[in-house]
Amino acid sequence: FLFFFFKQKTAYEMLRSLVGSEMCIRDRFNMKETSRITYDFGKLKRFLRFVRFMMQDTLSSIIVRGCIKYYDVIFAHIPVEVEIIAPSKVLNVYDDTAGSVAPRIIKEASSSLYTTRDSPASIAGLNTKDFLVNKPQCPLFAIDMMKGSTDDSFLYSSNINSFEATILHVFEKTLEEMQKITDIEPKILQNLYKAQKNDIFIRAPRKLKERPGPKPNKSKDDDETDEHRYIWVLDLYEEIRDKVRQSVKPLEDYLKVYDRFKHILQLRPDEYVKEFEGEEPKPVEAIREEIHATLEKEKKLREEIPESIQVSCFQVNCKDIVSYLSSKYMAPVSYTHL
């Protein structure tokens, strides 16, 4: 995409040079034309229309391939099943075909192009099986586990629903930017379009705001409306949205396995120490046994909770919460000095 934007200005300069070359002068290509009637019946209009169609087709092909690749790369990192056994044991099950775009969407994307250069078979080849088979199975995002504000719950450092918004925003924003490729004709014929206030943009795939109604009955030669030509974009968008929502669900389930540690959050080291310093202090041997039992609990805690673990496509960092829970156990030990 960036390469296309970078080369756009160069393309305008090259076409201006081509239109002004000896070949075009011989065919009466006049870049300084001011008469709309003369221009409409001239060869230059047909030439620039051909250039516009080529730009639209190239841009559409880039977007189709880019969207499908975006789909595949994301889905290659999302497991099809997540089994949460314990805080330190999570099984992420992957499927080699999980990132394959539905054939229906591939067919719709192929038919939206202006030429048959990109067939459904060639677009389907973008579902890179080698990448899926040898995918890194690494997380896409990192998130921290932390305690709630009231010391009676656990939560994540970020709203887990924000990840869906981030992925979809990248998809939508890219399509929006691709709508801003200006047409070549006003750039070449500046005198003819001198009164034109707004830029004219070439046609490109876009995300529909809502799903269109039934496709009207038209002859084969009739042009499709954008609402039906680009319905594949909406289908792909909805598939990405649904899959990302599915990938977030295991985070909620993983948070529930920490419910059995909530009692540690509610420990009050000061009150615990006062029990040893009351009117009838406990014997030293009893205190030592209590300390030994507390150290064993702290050791077991560190064995049960990992410093980090992958849950779905998320790397959950638990180092800080382990340290906090450990401090709840170790505070009374440091107060006793035994």
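The coordinates are above.
What you are looking at is a predicted structure, and each value in this text was computed from that prediction instead of being measured.

Criteria and cut-off values
Each residue is numbered by its place in its chain's sequence as written, counting from 1. Two thresholds apply to this predicted model, a pLDDT of at least 70 for residue-level local features and 80 or more for giving and counting side-chain atom pairs, whereas whole-chain, interface and lining totals are computed over all residues. Side-chain descriptors were evaluated using all non-hydrogen atoms of the structure, hydrogens and water having been removed beforehand. Where helices and strands are cited, they refer to DSSP runs of H or I of at least four residues and of E of at least two residues respectively, numbered from the N terminus. Whether a residue is buried, partly exposed or exposed follows from its accessible area with a 1.4 Å probe, protein chains only, as a fraction of its type maximum: under 20%, in between, or over 50%, in that order. Per-residue accessibility takes into account occlusion by the displayed protein chains alone, with areas from the Shrake-Rupley method and a 1.4 Å probe. Strand pairing is assigned whenever DSSP identifies at least 2 bridges connecting the two strands. Lines fitted to C-alpha atoms define the axes here, with helix axes fitted over just the stretch in contact, and angles between the N-to-C directions of these axes take values from 0 to 180 degrees. Paired rings are identified among Phe, Tyr and Trp, the last through its six-membered ring, by centres lying within 6.5 Å, and are further divided according to the angle between planes into stacked (under 30 degrees), edge-to-face (over 60) and tilted (the rest). Lysine NZ or arginine CZ positioned within 6 Å of the ring centre and within 35 degrees of the ring normal marks a charge as sitting over the ring. Patch membership needs two things, relative accessible area over 30% and no salt bridge, and members are linked within 9 Å if like-charged or within 5 Å if nonpolar (Val, Leu, Ile, Met, Phe, Trp, Tyr). Here, a salt bridge means any Lys or Arg side-chain nitrogen found within 4 Å of an Asp or Glu carboxyl oxygen. Contacts described as polar in this section are N or O atom pairs within 3.5 Å, which, within protein, must combine one atom able to donate a hydrogen with one able to accept it, while residues neighboring in sequence count only if both atoms come from side chains.

Undergrad: Describe the overall build of the protein, naming the residues involved and giving the relevant values.
TA: The helix and strand inventory of the protein stands at 15 helices and 6 strands. Taking all 338 residues of the protein together, 39% fall into the buried category. For the protein, the exposed area adds up to about 19800 Å²; of that, 53% sits on carbon and sulfur atoms.

Undergrad: Now, about the sheet that holds strand 6 (residues 314–317): what can you tell me, with residues and values included?
TA: In spatial order, the strands read 4-3-6-5; together these 4 strands make up an open sheet with mixed pairing. A strand with exactly one partner marks an edge of an open sheet, and here the two such strands are strand 4 (154–156) and strand 5 (308–311). The sheet shows a mean angle of 30° between the axes of neighbouring strands, direction not considered. Relative to strand 4, strand 3 (residues 141–147) is paired through 3 bridges, and the arrangement is antiparallel. The partner of Met146 across the bridge, within strand 4, is Leu155.

Undergrad: Kindly report on the packing of aromatic side chains, identifying the contributing residues and their values.
TA: Scanning all chains against the criterion turns up 9 aromatic pairs. Between Phe171 and Tyr237, the ring centres sit 6.0 Å apart and the planes meet at 50°, which makes this aromatic pair tilted. Here Phe171 is found in helix 8 (residues 162–178), whereas its partner Tyr237 is found in helix 11 (residues 231–256), with 66 residues between them in sequence. Accessibility classification places Phe171 together with Tyr237 in one group, the buried group. An aromatic cluster is built from Phe154, Tyr254, Tyr258 and Phe261, whose rings are joined through pairwise contacts. The residue whose ring lies beneath Lys207 is Tyr237, and the NZ or CZ to ring-centre distance is 4.5 Å.

Undergrad: Tell me about the pairing of strand 2 (residues 89–93), and name the residues and values.
TA: Strand direction decides the pairing type here: strand 1 (residues 81–86) and strand 2, joined by 5 bridges, are antiparallel. Residue pairing across strands places Glu83 opposite Leu91, the latter belonging to strand 2. What sits between strand 1 and strand 2 in their antiparallel hairpin is a turn of 2 residues.

Undergrad: Report on a nonpolar patch on the surface, specifying residues and quantitative values.
TA: A cluster of nonpolar side chains, contributed by Val80, Ile85, Leu91 and Val93, occupies part of the molecular surface with about 280 Å² of accessible area. Within the element layout of this structure, Val93 appears in strand 2. Judged by relative accessible area, which is 37%, Val93 ranks as partly exposed.

Undergrad: If you had to explain unusual backbone geometry to someone new, which residues and values would you point to?
TA: Despite not being glycine, Ser312 has its phi angle at roughly 60°, a positive value. Checked against the element boundaries, Ser312 lands in the loop between strand 5 and strand 6. Take Ser312: its relative accessible area is 1%, and that puts it in the buried class.

Undergrad: Go over the pairing of strand 3 with me, naming the residues and quoting the values.
TA: Note that strand 3 and strand 6 share 4 bridges and pair parallel. The residue of strand 6 that forms the bridge with Ala142 is Gln315. Where strand 3 folds back on strand 4, the antiparallel hairpin that results is connected by 6 residues, among which Asp151 adopts a positive phi of roughly 55°.

Undergrad: Give a detailed account of the side chain of Lys328, specifying residues and quantitative values.
TA: Along the polypeptide, Lys328 turns up in helix 15 (residues 319–336). A relative accessible area of 11% means that Lys328 is categorised as buried. Among the polar contacts listed, one links the side chain of Lys328 to the backbone oxygen of Leu265, at a separation of 3.3 Å.

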